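# Results of the structural survey
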Amino acid sequence: MKLETLQYDVVVVGGGPGGLPAAIAAARQGARVLLVEKNGYLGGNLTIGLPLLGYLDKDGNQVIRGIAQEFVDALTEKGACSPHHWCPMHDSVTIYHDEVFKIVAFEKCLDAGVELLLHTQVIDTNVENGTLQSITLFGKGRRMEVSAKVFIDATGDGDVGYMAGATFEKGQKGTGTLQPPTLMCTVDGVDEEKVIAYLEAHPEQTQLAPTVETYPGYDASYYRSNPNHHVIVAFRKLFTELKADGILPVDRDTLISIQTLTPGRVNLNCTRHLGVDGSDVRDLTRAEIEGHIQNLKLIEVLRKYLPGFENATLTRIYPFIGIRESRRFHGIDTLTEDDLLNGVIGDTTIGLGSYIIDIHDGNGAGTIVKKVKPYGIPYGCTVSRDISNLMFSGRCASMDAVALSSCRVMPPLMAMGQGAGVGAALAVRHGCTPGQVDVQELRSILSRDGVMLHPDPNAKEMYPQK
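Cut-offs applied
- Residues numbered from 1 in each chain as written.
- Predicted model: local features only at pLDDT ≥ 70, side-chain atom pairs only at ≥ 80, totals over all residues.
- Heavy atoms only, no water.
- Helix = DSSP H or I, 4+ residues; strand = E, 2+ residues; numbered from the N terminus.
- Rg over C-alpha atoms; globule rule 2.2 N^0.38 Å.
- Contact = heavy atoms within 4.5 Å.
- Areas by Shrake-Rupley, 256 points an atom, 1.4 Å probe, with all protein chains shown as cover.
- pLDDT = per-residue confidence, 0-100.
- Pairing = 2+ DSSP bridges.
- Salt bridge = Lys/Arg side-chain N within 4 Å of Asp/Glu carboxyl O.
- Buried < 20%, exposed > 50% of the residue type's maximum accessible area, 1.4 Å probe, protein only.
- Phe/Tyr/Trp six-rings, centres within 6.5 Å; stacked < 30°, edge-to-face > 60°.
- Lys NZ or Arg CZ within 6 Å of the ring centre and 35° of its normal.
- Axes fitted to C-alpha atoms, helices over the stretch in contact; angles between N-to-C directions.
- Left-handed = near helix turned anticlockwise from the far one by under 90°.
- Nonpolar A, V, L, I, M, F, W, Y, C, P; charged D, E, K, R; others polar.
- Core = buried A, V, L, I, M, F, W, Y, C linked by side-chain atoms within 4.5 Å.
- Arc of directions from axis to C-beta.
- Parallel < 35°, antiparallel > 145°, perpendicular 65-115°, else oblique.

## Comments concerning the overall build of the chain
A count of helical and extended segments in the chain gives twelve helices and 21 strands. The C-alpha atoms of the chain give 21 Å as radius of gyration, which agrees with the globular expectation for 466 residues (23 Å, within 12%). Its C-alpha atoms put the chain at 65 × 55 × 45 Å along the principal axes. Counting only contacts in the chain whose residues sit at least 6 apart along the sequence, the fraction spanning at least 24 positions is 74%. As presented, the chain carries roughly 17,400 Å² of accessible surface, and 49% of it is formed by carbon and sulfur atoms.

This is how it looks when you write it as structure tokens:
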């Protein structure tokens, strides 16, 4: 088989929320960038029916802008995005059209000069003396050896780092239990007003587990006052009863119904696959099969037992399962639970996060939700401790398990990605490793480009609040 050789300044592997901003930011800084994506489109988890959570903090202040906000602005121009709206549970919810997002992602990459390679995966790495010399790509029977000055692993599971021999951790502290993945689906024919009316008449169905912290008012009145941008997490009483009777086909204690921009259409985040490691292809296979079968059975149950879903029909099951947690690689710095709880924003911050601590129990016991202050994402969590020219962007970056449960959602990962991309470009420009980059120069560029490096109390004036 003929081996094609290619060379770039920066190679980003994975075109999801961690990889897209990294590639765009590096290219805007003058680097020659290749973005490698296994699918035939860009976006990753931005295309599987999830809302955007965490642009605002728990008090309604915006904490994430930069390229992450550019995507929202571009979607809004196409009539494909709601405003950011404060939420008593999720801090904020932004609803968007995930198919239109794919188009915006292509446009942003092409405008920045990013070279794209779709339908392609990494199958090998070449590491010499602690430096990643090249990676081997494979697609449609073709092999390519690609060298670069800096590589950014944005695969989610850290596939490049794993093959390169970088060290990592998995699972919750003390147990190693992984948060379970979910295969989402879209349902049409839902009478959303009827669902809300039922919750209004039966407020006990809005009561959540004692491990879930929310602000007051996460109930039918909130859903009704936010008709185009809400996520319903409810029906714990009903789900518990159906589970006890052997009727509920999913290991979930609540319904999560995500509104879309199309009336009567919702995305369901309900399957939960226990004992699944997203970095194990056999586990992924089992979970994908389970998810397809469970989603159709779940819709049948909802039609029978949940008012408003009587005429619900399956529209689509998303093309891949959503992984909450797998490998977390060691960086020269680590984002920790204490950083979140104490709202630490250090002098190496490249972006902010503020989304709730959101841990889905891998043993099926439920979910832990806790509010946090805005916190800083340190540059060092994107820089490999083991491989001199390897960076991480996304949920495979250097975080402990609790920090991951907050930072894993898409807006903070986009903020992280932009910082990693600029850092990679500066390493190329100055002929140094990513770990030797002047972080203050990096932060100056990010600030100039609209990235929020500290909270702005005036930002809340732009958006509805509690």
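## Re the confidence of the model for the chain
Regions with low pLDDT should not have their predicted coordinates read in detail. Per-residue pLDDT for the chain averages 95, and the proportion of residues at 70 or more is 98%. Note on residues 461–466: pLDDT is under 50 here. Beyond four places in sequence and across chains, it has twelve contacts.

## Topic: the sheet that holds strand β3 (residues 52–53)
In any sheet, the strands associate via hydrogen bonds between backbone groups, in a parallel or an antiparallel arrangement. Spatial ordering of the open sheet is given by β3-β5-β4, a layout of three strands whose pairing is antiparallel. Whereas interior strands pair on both sides, the edge strands pair on one side only; in this sheet they are β3 and β4 (85–87). Two strands pair when backbone bridges link them, and β4 and strand β5 (residues 91–94) are joined in this way by three bridges, in the antiparallel orientation. Following the sheet pairing, His85 is matched in β5 by Val93.

## Things to note about the pattern of salt bridges
This structure, assessed with the given rule, holds 26 salt bridges. The closest approach of N and O atoms between Glu200 and Arg224, which form a salt bridge, is 3.0 Å. Of this pair, Glu200 sits in helix α5 (residues 192–201) while Arg224 is found in helix α6 (residues 220–225), placing the two residues 24 residues apart along the sequence. Note on Glu200: relative accessible area 47%, which makes it partly exposed. Owing to a relative accessible area of 30%, Arg224 belongs among the partly exposed residues under this scheme.

## Examining the packing of aromatic side chains
Summed over the entire model, instances satisfying the criterion amount to ten aromatic pairs. Residues Trp86 and Tyr215 carry aromatic rings whose centres are separated by 6.0 Å and whose planes lie at 25 degrees to one another, so their mutual orientation is stacked. Within this pair, whereas Trp86 is found in strand β4, its partner Tyr215 is found in the loop between α5 and α6, the two being separated by 129 residues in sequence. In this structure Trp86 comes out as buried when scored by relative accessible area, which is 8%. Taken together, the ring pairs connect Tyr162, Phe168, Phe329 and Phe392 into an aromatic cluster. Cation over ring: Arg327 sits above Tyr162, and NZ or CZ is 4.0 Å from the ring centre.

## Observations regarding the sheet that holds strand β14 (residues 266–268)
Here five strands make up an open sheet; going across it, the order is β12-β13-β14-β11-β15 and the pairing antiparallel. The sheet is open, and its two borders are formed by β12 (231–234) and β15 (313–317), each paired with just one other strand. Averaged over all pairs of adjacent strands, the angle between strand axes in this sheet comes to 30 degrees, irrespective of strand direction. In this structure, strand β11 (residues 185–188) lies alongside β14, joined through three bridges in antiparallel fashion. Bridge pairing in β14 links Cys185 to Leu268.

## A short note on the packing of helix α1 (residues 19–28) against helix α11 (residues 410–430)
Remark: α1 packs on α11, axes separated minimally by 7 Å, with the N-to-C direction vectors making an angle of 35 degrees. In this structure, α1 meets α11 at a crossing whose hand is right-handed. Here α1 contributes Pro21, Ala22, Ala25 and Ala26 to the contact with α11, which in turn contributes Met414, Gly417, Gln418, Gly421, Val422 and Ala425. The residue inventory of the contact of α1 with α11, partitioned by class, reads seven nonpolar, three polar and no charged.

## Considering the nonpolar core
Ranked by size, the top nonpolar core spans 97 residues in total, and within it Val10, Val11, Leu20, Val33 and Ile135 carry the most contacts. When residues of this core are assigned to their parent elements, the largest contribution, twelve residues, is made by α11. Leave out the neighbours within four places in its chain, and Val10 touches Ala26, Ala31, Arg32, Val33, Leu34, Ala148, Val150, Ile152, Ala424 and Val428.

## A few points about the pairing of strand β17 (residues 349–353)
Within β17, five of the five residues are buried, leaving the element largely enclosed by the surrounding structure. By the bridge criterion, three bridges tie β17 to strand β20 (residues 375–378) in an arrangement that is antiparallel. By the bridge assignment, Leu352 is partnered in β20 with Gly376.

## Focus on the environment of Ile445
Here Ile445 lies in helix α12 (residues 439–448). For Ile445, a relative accessible area of 8% corresponds to the buried category. For the pair Ile445 and Gly419, spaced 26 residues apart in the sequence, the C-alpha separation amounts to 9.3 Å. Ignoring anything within four residues of it in the chain, the contact list for Ile445 reads Gln29, Val422 and Leu426.

## Topic: helix α7 (residues 236–244)
Taken together, the buried positions of α7 are occupied by Leu238, Phe239 and Leu242. Down the axis of α7, the buried side of the element spans an arc of 95 degrees, and every buried residue falls inside it. At its buried positions, α7 is contacted by β13 (255–259) and α8 (281–305).

## Let's talk about the packing of helix α2 (residues 66–77) against helix α3 (residues 98–112)
Here α2 crosses α3 at 120 degrees, and the two axes come no closer than 10 Å. When the axis of α2 is compared with that of α3, the two are oblique. For the pair α2 and α3, the crossing hand works out as right-handed. Facing Glu70, Phe71, Ala74 and Leu75 of α2, the residues of α3 in contact are Val100, Phe101, Val104, Ala105 and Lys108. For the contact of α2 with α3, the residue count by class is seven nonpolar, no polar and two charged.

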